[in-house]
Amino acid sequence: MKEIAKKILVAFMLMAVTCCYSISAEAAKKRVAVLPLENVSGFSAENVAEIMAEELTAALLNSQRYTVIERNQIAAILREQGFQNISANPNSAVELGKLAGADYSVIGKVTLATVVQNSLNVFVDVADPNKGKVSVDIRFVDNETGEIIFAKTFEGSKSGTNAAVCIHGACRDAAEKFLDELKKNIIGRIAEVADKEVYIDLGAESGLRKGDTLLVVRETDPIIINDKVVGMKTIPIGKVKVTEVNAEYSVCKIDKVEKGNSIRKGDVVKRG
């Protein structure tokens with residue numbers, strides 16, 4: 001009986017540890033708000049902006065690296081606050097993202113969406129006679145600083161039997177390319193500095209890996225355009241190398257410090 005009781009106790013302990021780790025890992029994920037996209041492509045056969053937003057959301061969720069804000073929550077905030085033209089206004093995107101509790105916001109517009117017949121040649125699968133193409137301009141915004149982390153155009157294409165299949169597939173293709181770009185743009189902050197080591201607020205769910213090298217920069221003055229803060233000026237401080245990755249944080253070794261500077265708590269770390 002004692003042996004059985006011991007086994008049961010060990011099993012419960014393992015379950016508790018697993019549960020705690022899962023909760024910890026979930027809390028470490030960065031929260032992203034995919035805001036309503038604008039359709040300026042002139043394509044009206046499908047609600048391409050809505051489809052593109054759905055595919056971006058799905059790509060982020062499937063990566064298991066991010067928590068995505070529920071779209072009905074974003075819609076409710078839009079109704080309550082009366083935000084206008086989110087896709088063209090990073091400041092509104094930041095404010096909306098903060099209200100939704102998101103670390104980052106995705107804003108943008110679909111600039112091209114077409115479905116055409118595939119050229120008739122021996123290489124074309126007759127089961128997929130149509131080809132869809134989309135192009136979407138996306139800005140990925142840090143809601144804490146207002147900085148546009150990257151602004152880029154992503155293109156997608158897909159052959160299929162009809163316009164719906166082609167557009168959905170092309171949007172999915174563009175969303176996957178967006179996710180690939182996002183993986184290159186890890187941004188976090190230094191939480192603590194201890195001798196020649198620093199602790200940063202990026203964990204395993206960010207995609208950070210042991211051996212990665214990150215740039216350290218310091219924010220200085222705000223960048224103001226048309227009386228609006230659109231980002232922060234930065235100066236280079238140094239480099240750190242990741243030595244340990246945990247669920248909610250990582251440990252880095254200081255690799256380089258620019259002359260006359262020192263790495264401090266609150267400095268920004270990002271991909272080079």
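Residues numbered from 1 in each chain as written. Predicted model: local features only at pLDDT ≥ 70, side-chain atom pairs only at ≥ 80, totals over all residues. Heavy atoms only, no water.

(A) Main features of the nonpolar core. Ranked by internal contacts, the top residues of the largest apolar core, which has 36 residues, are Met-52, Leu-56, Leu-60, Phe-140 and Phe-178. Not counting residues up to four positions away in its chain, the partners in contact with Leu-56 are Val-34, Leu-37, Val-106, Ile-138, Ala-175 and Phe-178. Counting 15 residues, the second-largest nonpolar core is a separate cluster that includes Ile-74, Ala-93, Val-94 and Ala-102. (Core = buried A, V, L, I, M, F, W, Y, C linked by side-chain atoms within 4.5 Å. Buried < 20%, exposed > 50% of the residue type's maximum accessible area, 1.4 Å probe, protein only. Contact = heavy atoms within 4.5 Å.)

(B) Inspection of empty space enclosed by the protein at higher detail. This structure, assessed with the given rule, holds 1 cavity of 30 Å³ or more. Its boundaries defined by the atoms lining it, the largest cavity holds a volume of some 110 Å³. If you go around the largest cavity, you meet 13 residues; those closest to its centre are Tyr-66, Tyr-104, Asn-185, Ile-186 and Ile-187. Grouping the constituent residues of the lining of the largest cavity by class yields 8 nonpolar, 2 polar and 3 charged. (1 Å grid on protein atoms, 1.4 Å probe; cavity = no way out; pocket = protein on both sides within 12 Å on 5 of 7 lines; lining within 4 Å. Points joined across faces, edges and corners; volume = space filled by probe spheres on them. Nonpolar A, V, L, I, M, F, W, Y, C, P; charged D, E, K, R; others polar.)

(C) The packing of aromatic side chains, seen in detail. Across all of its chains, the model carries 7 aromatic pairs by this definition. Here the aromatic cluster, defined as three or more aromatic residues joined through ring pairs, consists of Tyr-104, Phe-140, Phe-150, Phe-154 and Phe-178. (Phe/Tyr/Trp six-rings, centres within 6.5 Å; stacked < 30°, edge-to-face > 60°.)

(D) Looking closely at the packing of helix H2 (residues 48–63) against helix H5 (residues 163–183). Two elements in contact, H2 and H5, have axes separated by 8 Å at closest approach and are oriented at 45 degrees. Regarding the angle of H2 to H5, the classification is oblique. Two packed elements cross with a definite hand, and for H2 against H5 that hand is right-handed. Each of Val-48, Ile-51, Met-52, Glu-55, Leu-56, Ala-59, Leu-60 and Ser-63 in H2 lies in contact with H5, whose residues at this interface are Ile-167, His-168, Cys-171, Arg-172, Ala-174, Ala-175, Glu-176, Phe-178, Leu-179 and Leu-182. (Axes fitted to C-alpha atoms, helices over the stretch in contact; angles between N-to-C directions. Helix = DSSP H or I, 4+ residues; strand = E, 2+ residues; numbered from the N terminus. Parallel < 35°, antiparallel > 145°, perpendicular 65-115°, else oblique. Left-handed = near helix turned anticlockwise from the far one by under 90°.)

(E) Layout of the layout of surface pockets. Estimates place the volume of the largest pocket at around 180 Å³. In terms of lining, the largest pocket is formed by 15 residues, of which the most central are Lys-30, Tyr-104, Asp-142, Glu-144 and Arg-189. Taken together, the residues of the lining of the largest pocket break down into 4 nonpolar, 3 polar and 8 charged.

(F) View of the side chain of Ser-135. Here Ser-135 lies in strand E5 (residues 130–142). Those residues in contact with Ser-135 that lie beyond four places of it in its chain are Lys-109, Val-110, Thr-111, Leu-112, Thr-153, Phe-154 and Glu-155.

(G) Up close: the pairing of strand E8 (residues 197–200). Alternating residues of E8 divide into Val-198 and Ile-200, all buried, and Glu-197 and Tyr-199, none buried. Strand direction decides the pairing type here: strand E7 (residues 187–194) and E8, joined by 4 bridges, are antiparallel. The residue bridging Ala-194 from the neighbouring strand is Glu-197, located in E8. Turn length for the E7-E8 hairpin, with the two strands adjacent in sequence and antiparallel, is 2 residues, and the turn residue Asp-195 shows positive phi of about 60 degrees. In this structure, E8 lies alongside strand E11 (residues 250–257), joined through 4 bridges in antiparallel fashion. When the bridges of E11 are listed, Tyr-199 appears paired with Val-251. (Pairing = 2+ DSSP bridges.)

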